[in-house]
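Understanding the architecture of this molecule
Residues per chain are reported as follows:
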Amino acid sequence: MARDAKPEAEVAEVAPPKKSKKLLIIIVAALVLVLALGIGGIIIWKKMHSSQETDDSEVATEKVKSDRKKGAKEVAPVYVALDAFTVNLVPENGDQFLQLMITAEVEDSHVGDRLKMYTPKLRNDVMMLLSGKKASELITKEGKETLANEVRSLMNGILDPGVKGSDGPVREVLFTSFIIQ
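Throughout, a residue's number is its position along its own chain's written sequence, starting from 1. Whole-chain, interface and lining totals are the exception, using all residues; otherwise, since this is a predicted model, local features are given only for residues with pLDDT of at least 70 and side-chain atom pairs are given and counted only at 80 or more. Side-chain descriptors were evaluated using all non-hydrogen atoms of the structure, hydrogens and water having been removed beforehand.

1. A few points about the overall build of the protein chain
Definition in use: Counting from the N terminus, the helices are the DSSP runs of H or I reaching at least four residues and the strands are the DSSP runs of E reaching at least two. Buried means the residue's accessible area, taken with a 1.4 Å probe over protein chains only, is under 20% of the maximum for its type, while exposed means over 50%, and partly exposed covers the values in between. Pairs of residues are marked as contacts when any of their non-hydrogen atoms sit within 4.5 Å. Surface accessibility follows the Shrake-Rupley procedure with a 1.4 Å probe radius. Residue values consider only the protein chains on display as shielding.
The number of helices and strands found in the protein chain is five helices and four strands. When the elements of the protein chain are put in sequence order from the N terminus, they spell out α-β-β-β-α-α-α-α-β. Burial status across the protein chain gives 20% buried among its 181 residues. Within the protein chain, contacts between residues separated by at least 24 positions form 69% of all contacts whose residues are at least 6 apart in sequence. Here the protein chain has roughly 13,200 Å² of accessible surface; of this, 60% comes from carbon and sulfur atoms.

Structure representation (structure tokens):
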């Protein structure tokens, strides 16, 4: 009897490892399945995404080619806004003030950065220019256009001293607010 008991104990010990191997095999198979599904999903997503990019790039290339055919060279404008200027004008009929906000259109963002670096000098020179003006000079459209050209030349002279006239890094000076009191 004692001999019969030992084989049962051995059988009992052998059986649990077989179950754990089955469980291990099931877990590994499930992980492989999940991994395969994940990789398959990523591959499908990349194919769909790359085909959309290809379509978008083809459309963008066609637009660029059609713009070049038309001769249109479109570069997004870069605008740099300066703080408000408030100055006393040359007296004509009592004290008069000018409050002005200027935005400069520049060639590119590098010029915009340089303009910000030179802001104190630019503000000083523009204030000096404005304080020498009369309200009657600035009230007309032509007066405002003349002032815009003078400010642009002043800015170009500071940013690029070698440039003469209106050619320079500042393309245009825009008045976003213009109040005379």
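2. What to know about a nonpolar patch on the surface
Quick note on the threshold: Residues qualify for a patch when their relative accessible area is over 30% and they have no salt bridge, like charges being joined within 9 Å and the nonpolar side chains of Val, Leu, Ile, Met, Phe, Trp and Tyr within 5 Å. Salt bridges are defined by distance alone: a side-chain nitrogen of Lys or Arg within 4 Å of a carboxyl oxygen of Asp or Glu.
The grouping of Leu23, Ile27 and Leu31 at the surface amounts to a nonpolar patch, some 300 Å² of accessible area in total. Following the sequence through the fold, leucine 31 ends up in helix α1 (residues 2-70). According to the relative accessible area criterion, leucine 31 is exposed, its value standing at 57%.

3. Digging into the pairing of strand β2 (residues 85-88)
Stated precisely, the cut-off is as follows: Pairing between two strands is assigned when DSSP locates at least 2 bridges connecting them.
Side chains Phe85 and Val87 of β2 all project onto a buried face; the interleaved residues Thr86 and Asn88 project onto a face where none is buried. Here β2 pairs with strand β3 (residues 97-106) via four bridges, running antiparallel. Paired with phenylalanine 85 across the two strands is leucine 100, which belongs to β3.

4. A word on the nonpolar core
Under the convention used in this document: Note on terminology: a nonpolar core comprises buried Ala, Val, Leu, Ile, Met, Phe, Trp, Tyr and Cys residues joined through side-chain atoms within 4.5 Å.
Grouped together as the largest cluster of nonpolar side chains are 25 residues, with contacts concentrated most on Ile102, Leu115, Leu130, Met155 and Val170. Within the residue set of this core, elements represented by two or more residues are β2, β3, α2 (109-117), α3 (119-131), α4 (135-138), α5 (141-159) and β4 (170-180). Counting residues per element, this core draws most heavily on α5, which supplies six residues. Beyond its immediate chain neighbours, meaning those up to four positions away, isoleucine 102 contacts Val80, Ala81, Leu82, Phe85, Val126, Val151, Met155, Val173, Leu174, Phe175 and Thr176.

5. A few points about the pattern of salt bridges
Across all of its chains, the model carries three salt bridges by this definition. Between lysine 121 and aspartate 125 there is a salt bridge; the shortest N-O distance is 3.4 Å. One end of the pair is lysine 121 and the other is aspartate 125, both in helix α3 and four residues apart, which spans about a single turn. Here aspartate 125 falls in the buried class, since its relative accessible area comes to 18%. Lysine 133 is the partner of glutamate 150 in a salt bridge, and the nearest nitrogen-oxygen pair spans 2.7 Å. Taken together, the positions of glutamate 150 in helix α5 and lysine 133 in the loop between α3 and α4 put the pair 17 residues apart, joining distant regions of the chain. Look at glutamate 150 and you get partly exposed, because its relative accessible area is 29%.

6. Section: the side chain of threonine 103
Counting through the fold element by element, threonine 103 comes out in strand β3. Filtering out sequence-adjacent residues up to four positions away, threonine 103 remains in contact with Tyr79, Val80, Ala81, Glu172, Val173, Leu174 and Thr176.

7. Digging into the packing of aromatic side chains
Given two aromatic rings, their pairing is described by the distance between the two centres and the angle made by the two planes. Inclusion rule: Here is the rule: rings of Phe, Tyr and Trp (six-membered ring for Trp) pair when centre to centre is within 6.5 Å. Planes less than 30 degrees apart are stacked, more than 60 are edge-to-face, and the remainder are tilted. The criterion is that NZ of a Lys, or CZ of an Arg, lies within 6 Å of the ring centre and within 35 degrees of the ring normal, and then a charge sits over that ring.
Overall, the coordinates contain one aromatic pair when judged by the stated rule. Over the ring of phenylalanine 85 we find arginine 123; its NZ or CZ atom is 4.4 Å from the centre of that ring. Here the guanidinium or amino end of lysine 144 rests over the ring plane of phenylalanine 178, the centre of that ring lying 5.0 Å away.

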